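Report on the structure
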Amino acid sequence: MRLSAYFLPTLKETPSEAQIVSHRLMLRAGMIRQSSAGIYSWLPMGLKVLRNIEQIVREEQNAINCHEVLMPTIQPADLWRQSGRYDDYGPEMLRIRDRHDRDMLYGPTNEEQITEIFANSVRSYKDVPQLLYHIQWKFRDEVRPRFGVMRGREFLMKDAYSFDLDKESARRSYNKMFVSYLKTYERLGLKAIPMAADTGPIGGDMSHEFLILAETGESEIACHRDFIDMSWSDYEVDFDGDLQPVVDKFTNQYAATDEKRDPEAEKALGEDLITARGIEVGHIFYFGDKYSSKLGAVVTGPEGEEITVEMGSYGIGVSRLVGAIIEASHDDNGIIWPESIAPYRVGLINLRHGDEACTQTCDDMYASLNEAGIDVLYDDRDKKAGAKFADMDLIGLPWQIVIGPRGVKDGIVEFKNRKTGEREEISPVKALNRLKG
RNA sequence: CGGAGUGUAGCUCAGCCUGGUAGAGCACCGUCUUCGGGAGGCGGGGGCCGGAGGUUCAAAUCCUCUCACUCCGACCA
(Lines give C-alpha, C1' and ligand atoms only; values in the text may rest on other atoms or scores of the structure.)
Protein backbone atom coordinates (compact mmCIF):
# COMPACT_ATOMS: atom_id res chain seq x y z
CA MET A 1 0.00 0.00 0.00
CA ARG A 2 1.24 3.44 -0.91
CA LEU A 3 0.93 5.80 2.03
CA SER A 4 0.09 8.65 -0.34
CA ALA A 5 -3.08 6.74 -1.22
CA TYR A 6 -3.90 5.51 2.27
CA PHE A 7 -5.86 6.89 5.21
CA LEU A 8 -3.48 7.12 8.13
CA PRO A 9 -4.18 10.24 10.18
CA THR A 10 -1.29 10.16 12.66
CA LEU A 11 -0.97 12.73 15.42
CA LYS A 12 2.18 14.38 16.62
CA GLU A 13 0.71 15.35 19.93
CA THR A 14 -1.27 13.26 22.36
CA PRO A 15 -4.96 14.04 22.64
CA SER A 16 -5.63 15.04 26.23
CA GLU A 17 -8.33 12.47 26.85
CA ALA A 18 -5.92 9.54 26.59
CA GLN A 19 -4.05 8.57 29.72
CA ILE A 20 -2.54 5.15 29.23
CA VAL A 21 0.06 4.30 26.65
CA SER A 22 -1.96 1.98 24.43
CA HIS A 23 -4.80 4.47 24.18
CA ARG A 24 -2.41 7.30 23.34
CA LEU A 25 -0.56 5.26 20.75
CA MET A 26 -3.74 3.98 19.12
CA LEU A 27 -5.00 7.53 18.69
CA ARG A 28 -1.64 8.85 17.55
CA ALA A 29 -1.04 5.99 15.14
CA GLY A 30 -4.38 6.67 13.47
CA MET A 31 -5.90 3.34 14.49
CA ILE A 32 -9.02 4.55 16.27
CA ARG A 33 -11.08 7.62 16.99
CA GLN A 34 -13.39 8.04 19.95
CA SER A 35 -17.07 8.41 19.22
CA SER A 36 -18.32 8.77 22.79
CA ALA A 37 -17.16 7.46 26.15
CA GLY A 38 -16.02 3.87 25.67
CA ILE A 39 -17.15 3.70 22.04
CA TYR A 40 -14.71 3.86 19.16
CA SER A 41 -14.48 3.89 15.40
CA TRP A 42 -11.74 1.77 13.87
CA LEU A 43 -9.70 3.38 11.11
CA PRO A 44 -7.98 1.30 8.39
CA MET A 45 -4.77 0.56 10.27
CA GLY A 46 -6.55 -0.32 13.51
CA LEU A 47 -9.13 -2.39 11.72
CA LYS A 48 -6.42 -4.37 9.98
CA VAL A 49 -4.86 -5.33 13.31
CA LEU A 50 -8.26 -6.15 14.77
CA ARG A 51 -8.98 -8.43 11.82
CA ASN A 52 -5.59 -10.11 12.08
CA ILE A 53 -6.20 -10.96 15.72
CA GLU A 54 -9.71 -12.08 14.95
CA GLN A 55 -8.41 -14.39 12.23
CA ILE A 56 -5.90 -16.12 14.48
CA VAL A 57 -8.55 -16.63 17.12
CA ARG A 58 -10.89 -17.99 14.45
CA GLU A 59 -8.33 -20.42 13.06
CA GLU A 60 -7.54 -21.82 16.48
CA GLN A 61 -11.21 -22.28 17.31
CA ASN A 62 -11.83 -24.02 14.00
CA ALA A 63 -8.84 -26.28 14.68
CA ILE A 64 -10.58 -27.88 17.66
CA ASN A 65 -13.83 -28.35 15.78
CA CYS A 66 -15.47 -25.40 17.37
CA HIS A 67 -17.87 -24.10 14.75
CA GLU A 68 -18.47 -20.49 13.95
CA VAL A 69 -21.92 -18.97 14.08
CA LEU A 70 -23.03 -15.36 14.22
CA MET A 71 -25.67 -14.28 16.67
CA PRO A 72 -27.39 -10.89 16.75
CA THR A 73 -26.34 -7.89 18.78
CA ILE A 74 -29.96 -7.01 19.57
CA GLN A 75 -31.80 -9.61 21.61
CA PRO A 76 -35.39 -9.91 22.84
CA ALA A 77 -35.93 -9.29 26.53
CA ASP A 78 -38.21 -12.33 26.79
CA LEU A 79 -35.27 -14.63 26.20
CA TRP A 80 -33.53 -13.08 29.16
CA ARG A 81 -36.65 -13.27 31.26
CA GLN A 82 -36.58 -17.03 30.79
CA SER A 83 -33.12 -17.30 32.27
CA GLY A 84 -33.98 -14.80 34.96
CA ARG A 85 -31.14 -12.53 34.00
CA TYR A 86 -33.28 -9.70 32.67
CA ASP A 87 -33.93 -8.69 36.27
CA ASP A 88 -30.58 -9.83 37.66
CA TYR A 89 -28.51 -7.81 35.24
CA GLY A 90 -28.11 -4.26 36.42
CA PRO A 91 -27.92 -0.97 34.56
CA GLU A 92 -24.91 -2.38 32.74
CA MET A 93 -27.36 -3.85 30.29
CA LEU A 94 -28.48 -1.42 27.63
CA ARG A 95 -32.24 -1.80 27.38
CA ILE A 96 -34.07 -0.51 24.35
CA ARG A 97 -37.57 -0.61 22.96
CA ASP A 98 -38.61 -1.15 19.38
CA ARG A 99 -41.47 0.61 17.56
CA HIS A 100 -44.00 -1.93 18.79
CA ASP A 101 -42.96 -1.22 22.37
CA ARG A 102 -41.29 -4.60 22.71
CA ASP A 103 -38.47 -4.75 25.22
CA MET A 104 -35.15 -5.45 23.55
CA LEU A 105 -31.56 -5.23 24.67
CA TYR A 106 -28.12 -4.82 23.19
CA GLY A 107 -26.47 -8.09 24.16
CA PRO A 108 -23.79 -7.96 26.86
CA THR A 109 -23.27 -11.70 26.27
CA ASN A 110 -24.98 -14.57 24.47
CA GLU A 111 -25.56 -17.58 26.71
CA GLU A 112 -29.34 -17.37 26.39
CA GLN A 113 -29.18 -16.96 22.66
CA ILE A 114 -26.90 -19.92 22.00
CA THR A 115 -28.77 -22.12 24.47
CA GLU A 116 -32.02 -21.38 22.70
CA ILE A 117 -30.46 -22.28 19.35
CA PHE A 118 -29.15 -25.53 20.75
CA ALA A 119 -32.41 -26.35 22.50
CA ASN A 120 -34.41 -25.84 19.32
CA SER A 121 -32.06 -27.82 17.13
CA VAL A 122 -30.54 -30.73 19.01
CA ARG A 123 -32.61 -33.64 20.28
CA SER A 124 -30.30 -36.64 20.52
CA TYR A 125 -27.33 -37.51 22.68
CA LYS A 126 -25.65 -38.56 19.42
CA ASP A 127 -25.29 -34.91 18.44
CA VAL A 128 -23.41 -34.05 21.62
CA PRO A 129 -20.77 -32.88 22.48
CA GLN A 130 -20.88 -29.69 20.50
CA LEU A 131 -18.68 -26.61 20.43
CA LEU A 132 -19.91 -23.33 18.92
CA TYR A 133 -18.49 -19.84 18.90
CA HIS A 134 -19.03 -16.43 17.46
CA ILE A 135 -17.13 -13.19 17.19
CA GLN A 136 -19.48 -10.31 17.76
CA TRP A 137 -19.75 -6.79 19.16
CA LYS A 138 -21.20 -6.52 22.62
CA PHE A 139 -22.23 -3.69 24.82
CA ARG A 140 -21.93 -3.24 28.54
CA ASP A 141 -22.87 0.14 29.87
CA GLU A 142 -19.92 0.42 32.22
CA VAL A 143 -20.26 3.20 34.77
CA ARG A 144 -16.77 4.24 34.02
CA PRO A 145 -15.23 3.24 30.71
CA ARG A 146 -11.48 3.91 30.52
CA PHE A 147 -8.18 2.80 29.07
CA GLY A 148 -9.38 3.19 25.48
CA VAL A 149 -10.41 -0.08 23.85
CA MET A 150 -9.24 -2.05 26.86
CA ARG A 151 -12.25 -1.08 28.84
CA GLY A 152 -14.77 0.21 26.36
CA ARG A 153 -18.52 -0.07 26.55
CA GLU A 154 -18.73 -1.53 23.06
CA PHE A 155 -16.22 -4.29 22.44
CA LEU A 156 -15.53 -7.23 20.15
CA MET A 157 -15.58 -10.63 21.82
CA LYS A 158 -15.01 -14.18 20.76
CA ASP A 159 -17.40 -16.28 22.79
CA ALA A 160 -17.49 -20.05 22.58
CA TYR A 161 -19.99 -22.37 24.22
CA SER A 162 -19.72 -26.08 24.93
CA PHE A 163 -22.53 -28.61 25.26
CA ASP A 164 -21.89 -31.99 26.89
CA LEU A 165 -23.85 -34.92 28.33
CA ASP A 166 -22.11 -35.05 31.69
CA LYS A 167 -19.53 -33.34 33.80
CA GLU A 168 -16.64 -35.57 32.74
CA SER A 169 -17.31 -34.77 29.12
CA ALA A 170 -17.68 -31.09 29.98
CA ARG A 171 -14.24 -31.23 31.53
CA ARG A 172 -12.82 -32.60 28.29
CA SER A 173 -14.37 -29.69 26.39
CA TYR A 174 -13.02 -27.30 28.97
CA ASN A 175 -9.52 -28.74 28.69
CA LYS A 176 -9.65 -28.58 24.93
CA MET A 177 -10.45 -24.92 25.06
CA PHE A 178 -7.85 -24.32 27.77
CA VAL A 179 -5.02 -25.72 25.66
CA SER A 180 -6.38 -24.06 22.53
CA TYR A 181 -6.14 -20.73 24.35
CA LEU A 182 -2.48 -21.29 25.16
CA LYS A 183 -1.82 -21.85 21.48
CA THR A 184 -3.89 -18.87 20.44
CA TYR A 185 -2.06 -16.44 22.71
CA GLU A 186 1.27 -17.78 21.63
CA ARG A 187 0.41 -17.17 18.00
CA LEU A 188 -0.53 -13.62 18.95
CA GLY A 189 2.99 -13.14 20.27
CA LEU A 190 1.86 -13.10 23.90
CA LYS A 191 2.74 -14.92 27.05
CA ALA A 192 -0.58 -15.53 28.74
CA ILE A 193 -0.69 -17.01 32.20
CA PRO A 194 -3.76 -19.01 33.25
CA MET A 195 -4.98 -18.20 36.74
CA ALA A 196 -7.69 -19.77 38.78
CA ALA A 197 -10.76 -17.56 38.83
CA ASP A 198 -13.93 -17.39 40.85
CA THR A 199 -16.25 -20.19 39.91
CA GLY A 200 -19.36 -18.52 41.26
CA PRO A 201 -22.27 -20.69 42.41
CA ILE A 202 -21.03 -23.76 40.51
CA GLY A 203 -17.80 -24.15 42.44
CA GLY A 204 -15.07 -26.55 41.47
CA ASP A 205 -11.87 -25.90 39.62
CA MET A 206 -13.17 -25.15 36.15
CA SER A 207 -12.73 -21.44 35.74
CA HIS A 208 -9.59 -19.68 34.60
CA GLU A 209 -8.61 -16.22 33.54
CA PHE A 210 -5.76 -15.71 31.11
CA LEU A 211 -3.58 -12.72 31.87
CA ILE A 212 -0.70 -11.15 30.03
CA LEU A 213 1.96 -9.23 31.87
CA ALA A 214 2.27 -5.49 31.29
CA GLU A 215 3.53 -2.70 33.51
CA THR A 216 0.29 -0.81 33.12
CA GLY A 217 -1.87 -3.85 33.80
CA GLU A 218 -5.06 -3.23 35.72
CA SER A 219 -4.60 -5.91 38.36
CA GLU A 220 -1.78 -7.01 40.57
CA ILE A 221 -0.82 -10.63 40.16
CA ALA A 222 1.60 -13.07 41.73
CA CYS A 223 2.92 -16.28 40.26
CA HIS A 224 5.73 -18.81 40.23
CA ARG A 225 8.84 -17.73 38.39
CA ASP A 226 8.56 -20.73 36.07
CA PHE A 227 5.70 -19.13 34.17
CA ILE A 228 7.99 -16.49 32.77
CA ASP A 229 10.19 -18.98 30.97
CA MET A 230 7.51 -21.48 30.11
CA SER A 231 7.01 -21.94 26.42
CA TRP A 232 3.55 -23.10 25.54
CA SER A 233 4.68 -24.54 22.24
CA ASP A 234 6.85 -27.25 23.75
CA TYR A 235 3.87 -29.54 23.87
CA GLU A 236 2.76 -31.90 21.15
CA VAL A 237 -0.94 -31.68 21.57
CA ASP A 238 -3.46 -34.25 20.45
CA PHE A 239 -6.79 -32.52 20.95
CA ASP A 240 -8.64 -35.82 20.79
CA GLY A 241 -6.42 -37.36 23.45
CA ASP A 242 -6.26 -36.76 27.18
CA LEU A 243 -5.36 -33.13 27.75
CA GLN A 244 -5.48 -33.26 31.52
CA PRO A 245 -1.68 -33.64 31.92
CA VAL A 246 -1.10 -30.50 29.86
CA VAL A 247 -3.72 -28.54 31.79
CA ASP A 248 -2.21 -29.77 35.05
CA LYS A 249 1.20 -28.66 33.94
CA PHE A 250 -0.08 -25.12 33.63
CA THR A 251 -2.29 -25.07 36.69
CA ASN A 252 -0.14 -26.86 39.27
CA GLN A 253 2.15 -23.91 39.81
CA TYR A 254 0.99 -21.01 41.92
CA ALA A 255 -0.56 -18.09 40.06
CA ALA A 256 -3.20 -15.72 41.39
CA THR A 257 -4.84 -12.36 40.81
CA ASP A 258 -5.10 -9.84 43.68
CA GLU A 259 -8.31 -11.04 45.19
CA LYS A 260 -7.26 -14.69 45.16
CA ARG A 261 -3.74 -14.34 46.48
CA ASP A 262 -2.65 -16.64 49.26
CA PRO A 263 0.05 -15.26 51.60
CA GLU A 264 0.88 -18.74 52.89
CA ALA A 265 1.52 -20.16 49.45
CA GLU A 266 3.53 -17.11 48.47
CA LYS A 267 5.73 -17.40 51.53
CA ALA A 268 6.48 -20.98 50.63
CA LEU A 269 7.64 -19.96 47.16
CA GLY A 270 10.27 -17.63 48.54
CA GLU A 271 12.65 -16.56 45.79
CA ASP A 272 10.52 -18.17 43.12
CA LEU A 273 7.66 -15.75 43.66
CA ILE A 274 7.26 -12.88 41.29
CA THR A 275 4.68 -10.15 41.36
CA ALA A 276 3.65 -8.12 38.37
CA ARG A 277 0.70 -6.41 36.80
CA GLY A 278 -1.56 -8.19 34.38
CA ILE A 279 -4.31 -7.62 31.85
CA GLU A 280 -7.07 -10.15 31.53
CA VAL A 281 -7.44 -11.21 27.92
CA GLY A 282 -9.54 -14.34 28.29
CA HIS A 283 -11.85 -16.11 30.66
CA ILE A 284 -13.17 -19.63 30.51
CA PHE A 285 -15.64 -21.31 32.81
CA TYR A 286 -17.96 -24.19 33.29
CA PHE A 287 -21.44 -23.42 34.51
CA GLY A 288 -23.28 -26.75 34.35
CA ASP A 289 -27.00 -26.58 33.64
CA LYS A 290 -27.59 -22.98 34.69
CA TYR A 291 -29.01 -22.01 31.30
CA SER A 292 -29.79 -25.40 29.79
CA SER A 293 -32.29 -26.22 32.52
CA LYS A 294 -34.11 -22.90 32.23
CA LEU A 295 -34.16 -22.78 28.46
CA GLY A 296 -34.88 -26.45 27.88
CA ALA A 297 -31.60 -27.61 26.34
CA VAL A 298 -32.42 -31.27 26.82
CA VAL A 299 -31.49 -34.27 24.70
CA THR A 300 -32.71 -37.86 24.71
CA GLY A 301 -30.12 -40.33 26.02
CA PRO A 302 -29.35 -43.88 24.89
CA GLU A 303 -31.95 -45.32 27.28
CA GLY A 304 -34.60 -42.86 26.21
CA GLU A 305 -34.05 -40.71 29.26
CA GLU A 306 -33.93 -36.92 29.22
CA ILE A 307 -30.53 -35.35 29.78
CA THR A 308 -30.08 -31.66 30.51
CA VAL A 309 -26.80 -30.67 28.87
CA GLU A 310 -23.78 -29.37 30.74
CA MET A 311 -22.43 -26.10 29.42
CA GLY A 312 -19.34 -24.00 29.53
CA SER A 313 -18.43 -20.63 28.09
CA TYR A 314 -15.11 -19.36 26.79
CA GLY A 315 -14.35 -15.73 26.04
CA ILE A 316 -11.50 -13.85 24.43
CA GLY A 317 -11.63 -10.06 24.34
CA VAL A 318 -10.61 -9.40 20.75
CA SER A 319 -10.75 -5.61 20.71
CA ARG A 320 -9.23 -5.48 24.18
CA LEU A 321 -6.30 -7.53 22.89
CA VAL A 322 -5.33 -4.75 20.50
CA GLY A 323 -4.75 -2.44 23.45
CA ALA A 324 -3.30 -5.16 25.65
CA ILE A 325 -0.72 -6.15 23.06
CA ILE A 326 0.41 -2.54 22.76
CA GLU A 327 0.68 -2.28 26.54
CA ALA A 328 2.95 -5.30 26.45
CA SER A 329 4.90 -4.24 23.36
CA HIS A 330 5.94 -0.64 22.78
CA ASP A 331 8.77 1.82 23.42
CA ASP A 332 9.15 5.59 23.62
CA ASN A 333 8.81 5.93 19.86
CA GLY A 334 5.65 3.95 19.42
CA ILE A 335 4.10 0.55 18.93
CA ILE A 336 6.08 -2.63 18.28
CA TRP A 337 3.80 -5.16 16.60
CA PRO A 338 4.41 -8.89 16.85
CA GLU A 339 4.80 -10.16 13.29
CA SER A 340 1.69 -12.33 13.43
CA ILE A 341 -0.71 -9.43 13.80
CA ALA A 342 1.21 -6.48 12.36
CA PRO A 343 -0.93 -4.42 9.97
CA TYR A 344 1.91 -4.57 7.45
CA ARG A 345 5.03 -6.65 7.73
CA VAL A 346 7.43 -4.07 6.40
CA GLY A 347 7.51 -0.31 5.98
CA LEU A 348 9.37 1.12 3.01
CA ILE A 349 10.60 4.70 3.34
CA ASN A 350 11.59 6.91 0.44
CA LEU A 351 13.75 9.55 2.09
CA ARG A 352 13.90 11.89 -0.89
CA HIS A 353 10.57 12.27 -2.58
CA GLY A 354 11.85 14.36 -5.48
CA ASP A 355 14.99 12.36 -6.27
CA GLU A 356 14.64 10.30 -9.44
CA ALA A 357 17.18 7.55 -8.75
CA CYS A 358 16.03 7.19 -5.16
CA THR A 359 12.37 7.04 -6.11
CA GLN A 360 13.12 4.52 -8.82
CA THR A 361 14.90 2.25 -6.36
CA CYS A 362 11.98 2.57 -3.96
CA ASP A 363 9.41 1.82 -6.64
CA ASP A 364 11.40 -1.26 -7.70
CA MET A 365 11.63 -2.46 -4.13
CA TYR A 366 7.92 -1.88 -3.66
CA ALA A 367 7.12 -3.90 -6.78
CA SER A 368 9.44 -6.73 -5.70
CA LEU A 369 7.91 -6.91 -2.24
CA ASN A 370 4.43 -7.03 -3.68
CA GLU A 371 5.44 -9.73 -6.15
CA ALA A 372 6.86 -11.78 -3.30
CA GLY A 373 3.55 -11.47 -1.48
CA ILE A 374 5.08 -9.47 1.37
CA ASP A 375 2.63 -7.02 2.91
CA VAL A 376 4.30 -3.62 2.60
CA LEU A 377 3.40 -0.05 3.48
CA TYR A 378 5.31 2.33 1.22
CA ASP A 379 5.87 5.88 2.49
CA ASP A 380 6.05 7.73 -0.81
CA ARG A 381 4.73 10.99 0.60
CA ASP A 382 6.33 14.36 0.02
CA LYS A 383 7.42 14.81 3.62
CA LYS A 384 10.58 15.43 5.54
CA ALA A 385 12.69 12.40 6.41
CA GLY A 386 12.24 13.04 10.09
CA ALA A 387 8.48 12.97 9.83
CA LYS A 388 8.62 9.68 7.96
CA PHE A 389 10.95 8.06 10.47
CA ALA A 390 8.74 9.20 13.32
CA ASP A 391 5.54 7.95 11.70
CA MET A 392 7.07 4.61 10.81
CA ASP A 393 8.34 3.99 14.34
CA LEU A 394 4.99 5.14 15.72
CA ILE A 395 2.92 2.65 13.75
CA GLY A 396 5.33 -0.12 14.69
CA LEU A 397 5.70 -2.33 11.61
CA PRO A 398 8.21 -5.10 12.45
CA TRP A 399 10.66 -4.26 9.63
CA GLN A 400 11.71 -1.08 7.88
CA ILE A 401 13.53 -0.62 4.62
CA VAL A 402 14.92 2.89 4.38
CA ILE A 403 16.12 4.14 1.02
CA GLY A 404 17.89 7.47 0.50
CA PRO A 405 20.03 9.04 -2.23
CA ARG A 406 23.19 8.41 -0.26
CA GLY A 407 22.72 4.66 -0.13
CA VAL A 408 21.34 4.43 -3.62
CA LYS A 409 24.62 5.77 -4.94
CA ASP A 410 26.40 2.80 -3.35
CA GLY A 411 23.66 0.32 -4.16
CA ILE A 412 22.59 -0.22 -0.56
CA VAL A 413 19.50 0.23 1.54
CA GLU A 414 19.00 0.31 5.28
CA PHE A 415 17.24 -2.68 6.80
CA LYS A 416 15.93 -2.05 10.28
CA ASN A 417 14.37 -4.20 12.95
CA ARG A 418 11.75 -2.11 14.78
CA LYS A 419 11.96 -4.13 17.96
CA THR A 420 15.72 -4.26 18.48
CA GLY A 421 16.55 -1.13 16.55
CA GLU A 422 19.30 -3.00 14.70
CA ARG A 423 20.13 -1.56 11.31
CA GLU A 424 22.06 -3.14 8.48
CA GLU A 425 23.23 -1.58 5.28
CA ILE A 426 22.70 -4.21 2.61
CA SER A 427 21.78 -4.52 -1.03
CA PRO A 428 18.11 -4.32 -2.02
CA VAL A 429 18.21 -7.98 -3.08
CA LYS A 430 19.52 -9.06 0.28
CA ALA A 431 16.87 -7.05 2.07
CA LEU A 432 14.22 -8.72 -0.03
CA ASN A 433 15.63 -12.15 0.72
CA ARG A 434 15.65 -11.48 4.45
CA LEU A 435 11.92 -10.97 4.32
CA LYS A 436 11.34 -13.93 2.04
CA GLY A 437 13.32 -16.23 4.28
C1' C B 1 -23.16 5.83 41.50
C1' G B 2 -19.93 8.91 45.12
C1' G B 3 -15.55 12.33 44.87
C1' A B 4 -12.28 15.64 41.79
C1' G B 5 -11.26 18.18 37.32
C1' U B 6 -11.55 19.99 32.18
C1' G B 7 -14.48 22.17 27.95
C1' U B 8 -11.29 28.56 23.79
C1' A B 9 -8.85 26.97 15.87
C1' G B 10 -7.88 20.08 13.38
C1' C B 11 -4.14 19.03 17.89
C1' U B 12 -1.53 20.88 22.49
C1' C B 13 -2.66 25.01 25.32
C1' A B 14 -2.49 30.59 27.08
C1' G B 15 -6.22 34.36 28.16
C1' C B 16 -10.64 33.96 33.10
C1' C B 17 -8.48 35.73 39.34
C1' U B 18 -9.01 41.91 38.26
C1' G B 19 -15.36 42.18 32.43
C1' G B 20 -13.70 46.40 27.42
C1' U B 21 -11.17 44.53 19.44
C1' A B 22 -10.13 36.23 20.78
C1' G B 23 -4.32 34.59 20.99
C1' A B 24 0.42 31.23 20.53
C1' G B 25 2.90 26.72 18.85
C1' C B 26 2.03 22.69 15.75
C1' A B 27 -1.18 21.14 11.65
C1' C B 28 -3.58 22.99 6.89
C1' C B 29 -3.34 26.16 1.88
C1' G B 30 0.14 29.23 -1.44
C1' U B 31 5.26 30.39 -2.25
C1' C B 32 10.63 30.46 -1.74
C1' U B 33 14.78 28.15 0.64
C1' U B 34 15.66 23.36 2.58
C1' C B 35 16.00 17.99 2.41
C1' G B 36 19.21 11.04 6.41
C1' G B 37 15.46 11.47 12.83
C1' G B 38 8.71 15.58 13.53
C1' A B 39 13.27 22.39 9.37
C1' G B 40 13.08 28.05 8.19
C1' G B 41 11.20 32.76 5.70
C1' C B 42 7.04 35.39 3.61
C1' G B 43 1.76 35.34 2.71
C1' G B 44 -3.14 33.05 3.83
C1' G B 45 -7.64 30.36 5.60
C1' G B 46 -9.88 28.67 9.85
C1' G B 47 -13.53 30.20 16.30
C1' C B 48 -21.69 31.96 17.85
C1' C B 49 -14.76 30.67 23.71
C1' G B 50 -19.59 23.15 24.96
C1' G B 51 -25.06 24.79 25.46
C1' A B 52 -29.12 27.69 27.90
C1' G B 53 -30.48 31.45 31.13
C1' G B 54 -29.01 35.65 34.23
C1' U B 55 -26.05 40.20 36.04
C1' U B 56 -23.95 44.48 33.25
C1' C B 57 -23.54 50.06 28.96
C1' A B 58 -20.41 45.72 27.83
C1' A B 59 -19.31 38.55 29.33
C1' A B 60 -14.46 33.59 26.91
C1' U B 61 -13.97 36.19 31.77
C1' C B 62 -18.92 37.02 37.09
C1' C B 63 -23.64 33.97 38.76
C1' U B 64 -27.26 29.75 37.99
C1' C B 65 -28.59 25.51 35.38
C1' U B 66 -27.35 21.87 31.84
C1' C B 67 -24.50 18.64 28.54
C1' A B 68 -19.96 16.26 27.23
C1' C B 69 -15.23 14.35 28.28
C1' U B 70 -11.25 12.89 31.77
C1' C B 71 -9.20 11.25 36.51
C1' C B 72 -9.74 8.61 41.68
C1' G B 73 -13.07 4.99 44.11
C1' A B 74 -16.80 0.83 43.85
C1' C B 75 -17.66 -2.59 39.30
C1' C B 76 -15.84 -5.28 35.07
C1' A B 77 -13.56 -9.18 29.15
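Look above for the structure.
Residues numbered from 1 in each chain as written. Chains lettered and ligands numbered in written order. Predicted model: local features only at pLDDT ≥ 70, side-chain atom pairs only at ≥ 80, totals over all residues. Heavy atoms only, no water.

What follows is about the protein's contact with RNA strand B. The environment of RNA strand B is formed by 40 residues, the closest being Ser16, Arg144, Gly152, Glu280 and Asp393. When the atoms of RNA strand B within 4 Å of the protein are grouped by moiety, sugar and phosphate amount to 45% of the total. The separation between a sugar or linking oxygen of RNA strand B and a polar side-chain atom of Gln34 is 3.1 Å. One of the side-chain N or O atoms of Glu414 is found 2.9 Å from a base nitrogen in RNA strand B. Going through the elements one at a time, strand S1 (32-36), helix H12 (385-395), helix H13 (405-410) and strand S22 (413-417) are the ones with two or more residues in the surface near RNA strand B. Broken down by element, the surface near RNA strand B gets its largest block of residues, seven residues, from H12. Looking at the surface near RNA strand B, its residues break down into eleven nonpolar, nine polar and 20 charged. (Near = heavy atom within 4 Å. Polar contact = N/O pair within 3.5 Å; in protein donor to acceptor, adjacent residues only side chain to side chain. Helix = DSSP H or I, 4+ residues; strand = E, 2+ residues; numbered from the N terminus. Nonpolar A, V, L, I, M, F, W, Y, C, P; charged D, E, K, R; others polar.)

Where helix H1 (residues 21-28) meets helix H10 (residues 318-328), the axes come as close as 8 Å, and the angle between the chain directions of the two elements is 110°. For the element pair H1 / H10, the angle class is roughly perpendicular. Each of Val21, Ser22, Leu25 and Met26 in H1 lies in contact with H10, whose residues at this interface are Val322, Gly323, Ile326 and Glu327. Tallied by class, residues from the contact of H1 with H10 come to five nonpolar, two polar and one charged. (Axes fitted to C-alpha atoms, helices over the stretch in contact; angles between N-to-C directions. Parallel < 35°, antiparallel > 145°, perpendicular 65-115°, else oblique. Contact = heavy atoms within 4.5 Å.)

Strand order in the open sheet formed by three strands is S4-S6-S5, and the pairing between neighbours is antiparallel. Two strands lie at the open edges of the sheet, namely strand S4 (74-76) and strand S5 (94-97), each paired on one side alone. In this sheet, adjacent strand axes meet at a mean angle of 40° when their direction is disregarded. (Pairing = 2+ DSSP bridges.)

Looking now at the environment of Gly411. Looking at where Gly411 falls in the secondary structure, it is placed in the loop between H13 and S22. Here Gly411 falls in the partly exposed class, since its relative accessible area comes to 37%. Along the sequence, Gly411 and Glu425 sit 14 residues apart, while their C-alpha atoms lie 9.6 Å from each other. When near neighbours in sequence (up to four residues on either side) are disregarded, Gly411 contacts Ile426, Ser427 and Pro428. (Buried < 20%, exposed > 50% of the residue type's maximum accessible area, 1.4 Å probe, protein only.)

Let us now look at the packing of helix H2 (residues 44-63) against H10. At a closest axis distance of 9 Å, the pairing of H2 and H10 adopts a crossing angle of 115°. Between H2 and H10, the angle falls in the class roughly perpendicular. In this structure, H2 crosses over H10, and the sense of that crossing is right-handed. Here Val49, Leu50, Ile53 and Glu54 of H2 lie close against H10, whose contacting residues are Val318, Ser319, Leu321, Val322 and Ile325. Residue composition of the contact of H2 with H10, grouped by class: seven nonpolar, one polar and one charged. (Left-handed = near helix turned anticlockwise from the far one by under 90°.)

A word on empty space enclosed by the protein. Per the counting criterion, the structure on display carries one cavity of 30 Å³ or more. Lining of the largest cavity is provided by Tyr40, Trp42, Trp137, Val149, Glu154, Phe155 and Ser319. Broken down by secondary-structure element, the contributors of at least two residues to the lining of the largest cavity are strand S2 (39-42) and strand S8 (154-164). Considering only residue class, the lining of the largest cavity consists of five nonpolar, one polar and one charged. (1 Å grid on protein atoms, 1.4 Å probe; cavity = no way out; pocket = protein on both sides within 12 Å on 5 of 7 lines; lining within 4 Å. Points joined across faces, edges and corners; volume = space filled by probe spheres on them.)

A word on the sheet that holds S22. Where strands meet in a sheet, backbone hydrogen bonds hold them as pairs that are either parallel or antiparallel. Taken together, the five strands give an open sheet; going across it, the order is S20-S19-S21-S22-S23, and neighbouring strands pair in mixed fashion. The open sheet has two free edges, formed respectively by strand S20 (376-379) and strand S23 (423-426), since each of these has just one partner strand. Each strand of the sheet is rotated relative to its neighbour by a mean of 20°, with strand direction disregarded. Pairing of S22 with S23, which is carried by four bridges, proceeds in the antiparallel orientation. Residue pairing for S23: Lys416 is matched across the bridge by Arg423. Contacts from helix H11 (residues 356-371) reach strand S19 (346-350), S20 and strand S21 (399-403) within the one sheet, and its direction differs from that of S19 by about 165°. H12 rests against S19, S20, S21 and S22 of the sheet, and its axis sits at about 175° to S19.

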